[in-house]
Amino acid sequence: MEAAVQSFLRSSEDLKAALEVEVTQPQEHGDLSSSSTDDRSRRILAVVSHRMDYVGGEEGSVLILKRPPGHSIEDLSVEVVYPISGSFSFSVAQARRTTLDLRASVGETGATLGQSRTELTLTIKYELATEIRSHTLITRDTRKLQSFTAECRRLKGIFTRNEFDADFSWLSLYTQESSLKSFSSPIDLRTVNIPLHTRLSPASAGLPGDDAADISIVRENWIYNKAVEEASIGSSARLLIRTGTFNVNGKMPSQDLSPWLRPTKRDSEKSGWISPLKSISPLDILSNPIDEQVTSSLGASSATLAHASSNNNANISDPDLLVLGFQELDLSTEALLYATSTVKEDAWVEAILAGLGERGILYEKLASKQLVGMLIIAIAKKARLSCFGDIRFSAAGAGIMGIMGNKGATAIRMSYTPLAQEISPSPTVLTFVNAHLAAFDEMVERRNSDFHDLSRRLVFDQTDELDSNSYANIASETSRRTVGLFESDVLFWMVHLNYRIDLADGDVRELLASSPGASNIPLLLKYDQLKTAIASGKAFAGFSEHAITHMPSYRYASNTSEDSLRYDRKRKPAWTDRILHMSAPSVRVTQHSYCTHPQITMSDHRPVSADFELNVSTIDKQRRELAASKLYRELWGVEQSSNTPKIKLQPMTLDFGKVYYRRLIRQTLSIQNDGQIPCVYRFVAADAEQAICPQWLKIDPVVGLLRPGELSTTTVTVFVDNSSASRLNLAPPRLDFTLILHTALGKDYFISVTGEYQYTCFANKLTRLTRLPGPVRTMKSPNDRIHARQSVNAPREIMTLINWLMTHVTDPNDLFNGPLEESICMNIRECLDTGDQFPFPQSGEERGPLATAIASILVQLLDSLVDPVVPPYLHARCLQMTSRDEAFELLDEFPPESVNVWISLTAFLHYMALQKLPSQSSTDQADIAERLATVFAPVLLRDDSTGLHTPVSPIGKRKFLLHFIG
Amino acid sequence: MSKQFQFKLVLLGESAVGKSSLVLRFVKDQFDDYRESTIGAAFLTQTVTLEDQTTVKFEIWDTAGQERYKSLAPMYYRNANCAVVVYDITQTASLEKAKTWIRELQRQADPSIVIALCGNKLDLSARRQVTEEEASKYADEEGLLWSETSAKTGEGVNAIFNAIAKKLPLTAPPSARGARAAAPGTTRQNVDLNRQPTARGGEACNC
Ligand SMILES: Nc1nc2c(ncn2[C@@H]2O[C@H](COP(=O)(O)OP(=O)(O)OP(=O)(O)O)[C@@H](O)[C@H]2O)c(=O)[nH]1
Ligand SMILES: [Mg+2]
């Protein structure tokens, strides 16, 4: 028992004596109440001392500890803490008859009476300003009681001698539970999903920030995660949720809703619109693998997306919960004023249950909330009904009419507690928002601000929630308490967002209509206002949305004015109806589908649905709290320690050897706590203007906490992308960087990172490539170049690629259809840089993959150019050209090196478009030209990254290129 | 109530001249024959009490002397109120290096910086290569504090820090001094110099 108590204490406190006692009810002013001897009345009484090294003092305290029924002795928690000060007193008495009588009267037999002879009663008193607290404790252990009382006397003696120096601040650790507060409701999702280091104080070499504050941030975070880890019982619960959003345009249900409600088997089966996009966009391989890695480490939500696509084939059974959002339920003007009738809601609930068909009987309405036209309904499987609880609602108006509620949101918050035996699992908080944001194309800013407004105003009243805090000395007032939207484990937004596509109406329709079906969706989404808002952080920052492969859900015509796709000619089609989510790292969210349901035609919108699977690891609530308070005590007071943190690094120098463009190299750095105290460390920049490391280097994690002896591994990755290469190509080849690892309230450590950069022809200016004296790798210095008069017409590397393709490719489909193998691509890039010969296709089978690789390397090389082949200031002019002749004339205004590249390249593309297709091929000639233009136009006329020139229409770019190759 | 001041002090000098050893002697009154070369920068604090009961708290950054980390030194001497530039009296080259540091400080650091030139390893004076005259003459010309020390025996160590403390402008409000915010928790165990066991006849307070 002593060992358990000592391990409960911090190292700066010593256990002086401990004994097991039984409590009788606290007695106030001699009020004798009865006592019982069941298990719940057992306590451990301890006296501990705290030495203050620096002043040579000592203070004492008496603690009454208890352990929850059914838990082991290690799981102690504090019930009462009293400083051994002037207010503290105690007395011991031989158990008197009265006490014995009371105890016997509870129904005890002679056994108790027999033992009672040796029982002693200890009374502890503590005087507060207004009352006297007293505890009566019974023990049989005379010897231990003696050492307890002796220690109390000794410590009280010390107190009396040094009364004025008395401090007792160390006791706050045992009385407060600050770190545990975070468990009472989930941490704000916006906080848990941002990288920890961004929450720390600004710091750089020699200028540490607020180390003490940083320690507490890192520590809270660490304890939270560790406690969850320690309390997770190893199993997890699966919850299937189907969400939907439908703008019904004031209509009453008049169609079968089953397609929208029943599980969608697979994205592709349903919509038929997932086409092999790979073949059309060789640029996909240009994405930076480091960035992906970094974003996925930011939280589970982004990792989920990758997961979702790989899991499309998973079998989906009936959802446990359906949550459906409706907008524009009622368009009548009186609806704005009297939002009380539930007639419409009832009709929709009925239609939903009907739409579920024979499964309908398995479900029951769980909750609903309506605000004028906005209605959110949650329907749960009857069998799982008991898992959902603590249901709360919220609603808020927004938009032009504000409070009137024609725009705004309704939301439901609920907790989901998996069924479990023996333990009480910690609930998972799910929040669903059904929102309708401001309309019209131009109103982006308004929509963004609506989002922020609603995020702030949608709060849930938690007033009657029970406070689980059982501390005797904390009077928990039932005060009004609200929780915010983001204080959830998973947050869903099912929205009629009204975000539009920032492209001309004609472009949108043309891109949607062109074949293969829906292949232009990724391109259109680049202009999607919601995607732009998320990327820029203006709204919905941190939310995930599954890849969209379905057609826009808005606006379908109900009369004659429809286009070939049945969209209303008067309104630009858009993905106005969206489902987004955000989740805590502790919940694994997998999205199995995301689609529209074109069969349901009653409204001008098509309903959208999304299937989610949540995997929540089951966490023992009580164990988590105990673990957290234990860890908290262990890590508390690092800031006050007279010890300095010490770490050991292995290795001290990371040599990456030869570093090539786009070849990822990963090494690990081990960090071990070599000191006596827990250590918080973080990487810092040399100075405030710089980043922690140059763009070609990434470290993960950037922040950590290690207990004495613990070891962690940091991944150090080198990856040279276009932007890094464009700089490194012009600098000396030696890579040398010093990482600075700062230990909070301690030293800075240096770690050298070295490497030998290998020059590349990628990521240069055309004007540099035409004046290179030879293959880039043969150069002595990055400044080597030939005289302008001797410069080559077009870069050697581009010409080599074009020539190879002209010689070896007979079927233009080969340019796109082969599997894209990164190893071949790497090999080809290397040949371009060294001047070596390309691999020669040995057989017909090899030619396809090789052709595909070389074609995509050509695209990559063009795309890597620091400035696009056609300078952005000419883009608008290009789009004005209406004929082939006009287009050719414009070439006179191109810079000389651009003209040469343009002519060679378009000659090649034209040649490809003219190739006789194998007779069995289904594609026709015009399609090939179209396809080539689709791939090359955005690269040759790449949008200006500086924002100086407004981007032009992607269709216009294609048309300009088609003048040359069509 | 006595006055308290806080200053940022940086140690510079070639590798192995004994910067870390000097700090260790000053802060903990210890010496270590086998010290690892510093790869990084160590932060320590030490408080000096002057005769008039004014206390000066030094926030000391001990830097890496190795050539390859030279580019990071400015990060540690920016905002420094004082610098101790160390050379090894048994190595002529180390004085040259010290002069380079001093020139750099005079050019780049805060113009009011107090610089002390410190010839270390005085216990090895039998192998002396740098004469006292040469170094002190240079220090006079440049307006630097100068003295010789031995981190090994402790000779002259407290004296040089005390001399710096006295030369610092003890008028400015303490809060304006030093770059490091005096955040709660940055306070460490302060060892009163006067309480330190010393074999050096009370230099700590008599100089
Ligand atoms: N004899 C003698 N040896 C000393 C003295 N001071 C330091 N040393 C020794 O000189 C060596 C280098 O001392 P450090 O204090 O590590 O030198 P440093 O200037 O910090 O070196 P870097 O950290 O590499 O910049 C160690 O072996 C010390 O024991 C001294 O006063 N006398
Ligand atoms: Mg050193």
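Reading the values: rules and limits
Residues numbered from 1 in each chain as written. Chains lettered and ligands numbered in written order. Predicted model: local features only at pLDDT ≥ 70, side-chain atom pairs only at ≥ 80, totals over all residues. Heavy atoms only, no water. UniProt positions renumbered as here; feature names shortened; annotations may be inferred. Helix = DSSP H or I, 4+ residues; strand = E, 2+ residues; numbered from the N terminus. Buried < 20%, exposed > 50% of the residue type's maximum accessible area, 1.4 Å probe, protein only. Contact = heavy atoms within 4.5 Å. Areas by Shrake-Rupley, 256 points an atom, 1.4 Å probe, with all protein chains shown as cover. Expected span 1.5 Å × (residues − 1). Patch = residues over 30% accessible without salt bridge, like charges linked within 9 Å, V, L, I, M, F, W, Y side chains within 5 Å. Salt bridge = Lys/Arg side-chain N within 4 Å of Asp/Glu carboxyl O. Lys, Arg positive; Asp, Glu negative; His and termini not counted. Charge placed at Lys NZ, Arg CZ, Asp CG, Glu CD. Near = heavy atom within 4 Å. Polar contact = N/O pair within 3.5 Å; in protein donor to acceptor, adjacent residues only side chain to side chain. Core = buried A, V, L, I, M, F, W, Y, C linked by side-chain atoms within 4.5 Å. Domains from an automatic or database assignment. Donors = N, O, S within 2.8 Å, 3.2 Å for Na, K, Ca; no water. Pairing = 2+ DSSP bridges. Axes fitted to C-alpha atoms, helices over the stretch in contact; angles between N-to-C directions.

- By the naming in an unreviewed UniProt entry, chain B is GTP-binding protein RAB5, taken from Suillus placidus.
- UniProt annotates chain B under Subcellular location (unreviewed entry) with the comment "Cell membrane".

- Looking at an unreviewed UniProt entry, one finds chain A named DNase I-like protein, with Suillus placidus as its source organism.

**Concerning the overall build of chain A**
Part 1 of the argument: Across its full length, chain A holds 29 helices and 29 strands.
Part 2 of the argument: When burial is assessed residue by residue, chain A has 54% of its 966 residues classed as buried.
Part 3 of the argument: Across chain A, the fraction of contacts at a sequence separation of at least 24, relative to all contacts at a separation of at least 6, is 74%.
Part 4 of the argument: Of the roughly 41400 Å² of accessible surface on chain A, 51% is carried by carbon and sulfur atoms.

**What to know about helix H27 (residues 896-914) of chain A**
Part 1 of the argument: With 19 residues, H27(A) ought to run about 27 Å at 1.5 Å a step, and its terminal C-alpha atoms sit 27 Å apart, in line with that.
Part 2 of the argument: When we look at burial in H27(A), the residues that qualify are Glu897(A), Ser898(A), Val899(A), Val901(A), Trp902(A), Ser904(A), Leu905(A), Thr906(A), Phe908(A), Leu909(A), Met912(A) and Ala913(A).

**Concerning a negative patch on the surface**
Part 1 of the argument: Together, Asp885(A), Glu886(A), Glu889(A) and Asp892(A) make up a region of like negative charge exposed at the surface.
Part 2 of the argument: Structurally, the position occupied by Glu889(A) is in helix H26 (residues 884-890).

**Quick notes on the site of ligand 1**
All names here are of chain B.
Part 1 of the argument: In the vicinity of ligand 1 there are 23 residues, among which Ser-15, Lys-19, Ser-21, Ser-37 and Thr-38 approach most closely.
Part 2 of the argument: Here an oxygen atom of ligand 1 and a backbone polar atom of Gly-18 are 3.0 Å apart.
Part 3 of the argument: Separating an oxygen atom of ligand 1 from a backbone N or O atom of Lys-152 is a distance of 3.3 Å.
Part 4 of the argument: Protein coverage of the free-state accessible area of ligand 1, which is 650 Å², stands at 90%.
Part 5 of the argument: With three residues, helix H1 (residues 19-28) is the single largest residue contributor to the shell around ligand 1.

**A closer look at the nonpolar core**
Residue and element names in this part refer to chain A.
Part 1 of the argument: Among the nonpolar cores identified, the biggest contains 137 residues, and Tyr-174, Leu-858, Leu-862, Phe-894, Trp-902, Phe-936 and Phe-960 are the most heavily contacted of them.
Part 2 of the argument: Broken down by element, the residue count for this core peaks at ten residues, all from helix H24 (residues 844-864).
Part 3 of the argument: A domain-level breakdown of this core finds at least three residues from each of domain 1 (2-167) and domain 3 (766-965).
Part 4 of the argument: Apart from the residues within four sequence positions on either side, Phe-960 is in contact with Cys-878, Met-881, Ala-887, Leu-890, Phe-894, Trp-902 and Leu-941.

**Quick word on the coordination of the magnesium ion (ligand 2)**
The textbook angles at a metal center are 109.5 degrees for a tetrahedron of four donors and 90 or 180 degrees for an octahedron of six.
All names here are of chain B.
Part 1 of the argument: With distances of 2.0 Å, the protein atoms coordinating the magnesium ion (ligand 2) are Ser-20 (OG) and Thr-38 (OG1). Here Thr-38 lies in the loop between H1 and strand S2 (40-49) and Ser-20 lies in helix H1, a separation of 18 residues in the sequence. In this pair, the class of Ser-20 matches that of Thr-38, namely buried.

**Some details on the sheet that holds strand S25 (residues 697-700) of chain A**
Residue and element names in this part refer to chain A.
Part 1 of the argument: Ordered in space as S21-S23-S27-S25, the four strands form an open sheet in which the pairing is antiparallel. Each edge of the open sheet is held by one strand with a lone partner, namely strand S21 (647-650) and S25. Going from strand to strand, the sheet's axes swing by 25 degrees on average, the running direction of each strand aside.
Part 2 of the argument: As paired strands, strand S23 (residues 665-673) and strand S27 (residues 711-718) are joined by eight bridges and run antiparallel to one another. Bridging across to S27, Ser-670 finds its partner in Thr-713.

**Here we look at the pattern of salt bridges**
Residues and elements named next belong to chain A.
Part 1 of the argument: For the coordinates displayed, the defined rule picks out 47 salt bridges over all chains.
Part 2 of the argument: Glu-22 is the salt-bridge partner of Arg-42, the closest N and O atoms lying 3.6 Å from each other. With Arg-42 in strand S2 (residues 42-52) and Glu-22 in strand S1 (residues 13-23), the pair connects residues that are 20 residues apart, well separated along the chain.
Part 3 of the argument: With a relative accessible area of 39%, Arg-42 lands in the partly exposed category.
Part 4 of the argument: Put simply, Lys-365 and Glu-345 hold a salt bridge, and the shortest N to O gap is 2.8 Å. In this pair, Lys-365 is assigned in strand S10 (residues 363-371) and Glu-345 in helix H13 (residues 343-355), connecting sequence segments 20 residues apart.
Part 5 of the argument: The class of Glu-345 is buried, set by a relative accessible area of 6%.
Part 6 of the argument: Here the salt bridges do not stand alone but share partners, grouping Glu-22, Arg-42, Glu-119 and Arg-140 into one network.

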